[in-house]
Amino acid sequence: MQDRAFANKKIDFVWNTVVEEILGSRETGVTGLKVRNIKTQGVAELKVDGLFVAIGHNPNTEIFKGQVDLDDLGYIKTQPDSTRTNIPGVFACGDVQDPVFRQAVTAAGTGCMAAIEAERWLEQ
Ligand SMILES: Cc1cc2nc3c(=O)[nH]c(=O)nc-3n(C[C@H](O)[C@H](O)[C@H](O)COP(=O)(O)OP(=O)(O)OC[C@H]3O[C@@H](n4cnc5c(N)ncnc54)[C@H](O)[C@@H]3O)c2cc1C
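Source: prediction; values computed, not measured.

1. Regarding the pattern of salt bridges
Applying the stated criterion to the full structure yields four salt bridges. Linking Glu21 and Lys34 is a salt bridge whose minimum nitrogen-to-oxygen distance equals 3.4 Å. One end of the pair, Glu21, is in strand β1 (residues 17-25); the other, Lys34, is in strand β2 (residues 29-37), and 13 residues separate them in sequence.

Below is the structure:
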């Protein structure tokens, strides 16, 4: 991913820098960022019209460690074509069990699967 980003001429990198403030208003939307260089402490304004917060790629499954089986990357393991985990009656869906797609619609889909499987499990 880094190599692809470095090779893309449309992407500029601003290193050692944190966002201090998002500039703009409800009327204008985002117009820029106030950024601070953490080495020099210099503050500058960056003109942008949008902002994405990158949250990283680690699944937020720390609390399930030792409780259900996780794979090497920390995703909850589910059985093929199912949201069943290794613990009967415990089902996992969404980004915590999806190392491939991690999209809203796939999370909603597996959420629906988990709801149906939980309902059937309770019924039995
Ligand atoms: C910047 C960004 C852009 C994205 N853009 C798109 C897009 O354009 N299209 C698309 O389809 N998908 C997009 N996604 C992915 C999409 O948001 C996720 O795939 C989807 O939200 C996953 O749903 P989820 O229910 O599995 O997890 P989440 O939506 O992450 O929900 C998990 C919930 O669990 C809560 N939680 C966490 N820990 C605990 C705890 N200990 N106790 C109780 N609650 C807890 C969290 O607060 C959160 O509400 C984007 C994601 C990001 C971060």
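2. Focus on the site of the ligand
Surrounding the ligand, one finds Phe52, Val53, Ile55, Asn60, Ile63, Gly94, Asp95, Arg102, Gln103, Ala104 and Ala107. Between an oxygen atom of the ligand and a side-chain N or O atom of Gln103, the distance comes to 3.1 Å. Between an oxygen atom of the ligand and a main-chain N or O atom of Ala104, the distance comes to 2.8 Å. Across the complex, the protein chains shield 35% of the 1000 Å² of accessible surface that the ligand would expose by itself. Residue composition of the shell around the ligand, by class: six nonpolar, three polar and two charged.

What counts as what
- Residues numbered from 1 in each chain as written.
- Predicted model: local features only at pLDDT ≥ 70, side-chain atom pairs only at ≥ 80, totals over all residues.
- Heavy atoms only, no water.
- Salt bridge = Lys/Arg side-chain N within 4 Å of Asp/Glu carboxyl O.
- Helix = DSSP H or I, 4+ residues; strand = E, 2+ residues; numbered from the N terminus.
- Near = heavy atom within 4 Å.
- Polar contact = N/O pair within 3.5 Å; in protein donor to acceptor, adjacent residues only side chain to side chain.
- Areas by Shrake-Rupley, 256 points an atom, 1.4 Å probe, with all protein chains shown as cover.
- Nonpolar A, V, L, I, M, F, W, Y, C, P; charged D, E, K, R; others polar.

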